Amino acid sequence: MAFRRGAPSSLPTRNNNSKNGGFRPSITVLLLISVCAPLLLIASRTTNLFPTGSGYDDVAHSAKIEEVRRRNALEAIDALFPKEVLDIVSANPEDNGPLNLNIVGRRDLSSSWVQEESTPRKSYQDSQVVSEEEADVEENEEKATPEGVPKAGEIGSENPERKELEVSDAGGNGIIQFVPNKDDEATKIARKQQRLARQRQRITELMEHDEEQVRKLEIEAIEKSKVVAYNITGKYSAWRRDPDYENPDALARLMRDQLIMARLYAYIAQSRDDFELVKDLKFRIKEHTLTLGDVTNDNELPPGADEKMKVMGELLLRARDKDYEKGIMVKKLRAMVQAAEDTARTLKKQGTFLSQLAAKTVPKGLHCFSMRLTVEYHGLPAENREFRNKDKLEDPDLYHYALFSDNILAAAVVVNSTIIHAKDPRKHVFHVVTDKLNYGAMRMWFLLNPPGAATIEVQNVDDFKWLNSSYCPVLKQLESATMKEYYFKADNANTLAAGTSNLKYRNPKYLSMLNHLRFYLPEVYPKLTKILFLDDDIVVQKDLTGLWDVDLKGNVNGAVETCGPSFHRFNTYLNFSNPHIARNFKPDACGWAYGMNIFDLKQWKKKDITGIYHRWQSLNEERTLWKLGTLPPGLITFYKLTQPLQKTWHVLGLGYNPAIEEAHIENAAVIHYNGNMKPWLDIAIGKFKPYWSKYVMYDHPFVQQCNINE
């Protein structure tokens, strides 16, 4: 829209010719006029410059009419434009060129006057019907819009239907007229479309916000589960599922699922003579098998595994599109499941056997260690083979420990850890009993490395002549034909050992009397009143003298209970289908642990504990009451004669349970590596091994020569 400064050019101006009157010319005068015409013309122009009389009044009247017209036009312009535009017009009276309203924005005036093309003007009435949601959108836009930049809904030009200005001189009145607005209904429709557009924009922003939140959660899940850094993108297969980032083996399991489906389709495709598909599937199966190998965790997958999964997924989709008969697929899957179950059972049996073998076989380093010490012991003179402080061995006022072991290194850790934490080592006496094979090595180690101010003795179990088959039922049973068959003919399917459930009981320790000597403590130490029994797979972390002050309340055995709501109770260890067991014991009675037990030998003799043990052991000659081992007969023998101790005295499970909390271990007086994962074996639980290894003398020459390392 353009305007011309000053009076409008199109307004009509009056032709102010003079009215000097006239007369009828005569023929005579015509000649005079023709002569005087130039003079009359000059006189007429002179009259226009200097009007007088009625002519002057006509000029004044014409000026008033022109002033009214001009005032009406200005009022119309005032209603059409704001004050800022009019100020610019009045400030440039000498400029008669067209005025461009875009200069308003360049004069640092209101940003609402900056023209925004193809955007309809937003009226004041329109702004009153904006909803709360639209107001929020506009507020966000206003915050995000820099100063001087137009906001949504603000324009710099009038509505196209209202910006046209016409000047009409119809009838000679010079009245200014405007082109009328469009219908109100069209305006409402336009405003409604604007609101819908803003709502769609708001919904889009919310959806983008939700997607951003989802992406953040996915990133956090990936970091939390520590899965592989390269993620699989895209759902390329019907067997492709979103990775379970909480599972560290999610991708490996997905690859194994793909292998199963690939083998299924390869079998069906071959029966349908689709050799090209069979060839592709077999190639991918081989590739997948090599990629997986022995992988148990996604972190172990090699780079590029995700691409191989994608290719396999596409191949499986191709195979699925063949639309093979579903009945054949189900039949083949059932056969594959059955074969997998058979393989799993076989592998489980092999795994059980190998774990038992690894746990019970003496490591090469320990065997070397024992042999070197034995050679050294037999090279000693007889006078140098004796221990000092023999007078303390039967003093009931001292703290006595019983340790039965054939493992020199393990026994050394028990003694060392106990002495280090003892308040007064001079009052501690260790009674070590071993077998004939390791007797010389055990004595030689403690002769070379005496336990400080403490007293120690090492005995040979074969020197206890009273311990024979006529007195001890378990020795008599070990000499029986059925027991020999059980141990030495286990590969015969017709023997008692045909079942695999008894495999863990075919352990050499059950043939050794060192394992059963715990039931004969008063016979081994007749002059003592109290003794603390320790297993060789424990570590002492605190002073244990407080156990001698525990009130056993007339009971014989002080031990830590191990039972839970549904485990380590009597029905776990005993056969309650046998009437002898069912009549005398409760199936939900709580079990307790061997490994650290304080025994009152006076009460032992009074209650005839050894006699109770003999009676029950004789009843179990056919192993119908319990399987082999020492804990079941111990539960029976000390039934209702065991005083529970605080659990902090003895924490168990470090040889099989990696979930034990570190706080429980740190607060325990004794930690116990019960289970197959002993700390001196390669299969030990790594995070628990340092609690044991810090008491091993790895700098000893014999230890180094036998390659025993941390």
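In this text the structure is predicted, and so the values were computed from the model without any measurement.

A.B. asks: Mind laying out the packing of helix α9 (residues 275-292) against helix α10 (residues 305-320), listing which residues take part and the relevant values?
C.D. replies: Across the interface, α9 lies against α10 with an axial gap of 11 Å and an inter-helix angle of 155°. Considering the angle they form, α9 stands roughly antiparallel to α10. α9 and α10 meet at a crossing whose hand is left-handed. When α9 is examined against α10, the residues Glu-276, Leu-277, Asp-280, Leu-281, Arg-284, Ile-285, Glu-287, His-288 and Thr-291 are found in contact with a partner set consisting of Ala-305, Lys-308, Met-309, Val-311, Met-312, Leu-315, Leu-316, Arg-318 and Ala-319. For the contact of α9 with α10, a count of residues per class yields ten nonpolar, two polar and six charged.

A.B. asks: I'd like to hear about unusual backbone geometry, residue by residue, with values.
C.D. replies: Positive phi is not limited to glycine here, since Asp-273 has a value of about 60°. By the secondary structure assignment, Asp-273 is in the loop between α8 (250-271) and α9. Non-glycine residue Lys-640 carries a positive phi angle of around 60°. Here Lys-640 shows up in the loop between α22 (631-637) and β10 (642-644).

A.B. asks: Break down α9 for me, with residues and values.
C.D. replies: The terminal C-alpha atoms of α9 lie 25 Å apart, and with 18 residues this matches the ideal 26 Å at 1.5 Å per residue to within 8%. Immediately beyond the C-terminal end of α9, within one or two residues, lies Gly-293, with a positive phi of roughly 55°.

A.B. asks: Before we move on, could you go through the sheet that holds strand β4 (residues 428-434) and cite the residues and values that matter?
C.D. replies: Strand order in the open sheet made by the seven strands is β5-β4-β3-β6-β9-β8-β10, with mixed pairing throughout. If you trace the sheet from one side to the other, it starts and ends with β5 (455-460) and β10, each paired once. Within this sheet the neighbouring strands show an average axis-to-axis angle of 25°, counted without direction. Bridge count for strand β8 (residues 557-559) against strand β9 (residues 596-600) is two bridges, and the pairing is antiparallel.

A.B. asks: I'd love a proper account of the nonpolar core, names of residues and values included.
C.D. replies: Judged by nonpolar contacts, the single largest core of 62 residues is most densely connected at Phe-369, Leu-532, Leu-544 and Trp-692. Top element by residues in this core is helix α13 (residues 408-421). It accounts for nine residues. Once residues within four sequence positions are removed from consideration, Leu-532 is found in contact with His-400, Tyr-401, Ala-402, Leu-544, Leu-547, Trp-548, Met-596, Asn-597 and Ile-598. Counting residues in hydrophobic clusters, the runner-up holds 46 residues, among them Tyr-525, Val-556, Ala-559 and Trp-626.

A.B. asks: Can you break down the state of the cysteines residue by residue, with the values?
C.D. replies: The tally for this structure, following the rule as stated, stands at two disulfides. Bridging Cys-368 to Cys-706, the disulfide has an S-S length of 2.2 Å. Taking the sign of the torsion about the S-S bond as the criterion, the disulfide between Cys-368 and Cys-706, at about -70°, is left-handed. With a gap of 338 residues between them, Cys-368 in helix α12 (residues 364-378) and Cys-706 in the segment after α25 (701-705) connect regions that are remote in the sequence. Look at Cys-368 and you get partly exposed, because its relative accessible area is 23%. On the basis of relative accessibility, which here comes to 5%, the residue Cys-706 falls in the buried class. In this model Cys-563 forms its disulfide with Cys-590; the gap between the sulfur atoms is 1.7 Å. Because the sign of the S-S torsion sets the handedness, a value of about -100° for the bond joining Cys-563 and Cys-590 places this disulfide among the left-handed ones. With Cys-563 in the loop between β8 and α18 (570-573) and Cys-590 in the loop between α19 (579-584) and β9, this pair connects stretches of sequence that are 27 residues apart.

Reading the values: the criteria
- Residues numbered from 1 in each chain as written.
- Predicted model: local features only at pLDDT ≥ 70, side-chain atom pairs only at ≥ 80, totals over all residues.
- Heavy atoms only, no water.
- Axes fitted to C-alpha atoms, helices over the stretch in contact; angles between N-to-C directions.
- Helix = DSSP H or I, 4+ residues; strand = E, 2+ residues; numbered from the N terminus.
- Parallel < 35°, antiparallel > 145°, perpendicular 65-115°, else oblique.
- Left-handed = near helix turned anticlockwise from the far one by under 90°.
- Contact = heavy atoms within 4.5 Å.
- Nonpolar A, V, L, I, M, F, W, Y, C, P; charged D, E, K, R; others polar.
- Expected span 1.5 Å × (residues − 1).
- Pairing = 2+ DSSP bridges.
- Core = buried A, V, L, I, M, F, W, Y, C linked by side-chain atoms within 4.5 Å.
- Buried < 20%, exposed > 50% of the residue type's maximum accessible area, 1.4 Å probe, protein only.
- Disulfide = S-S within 2.5 Å.

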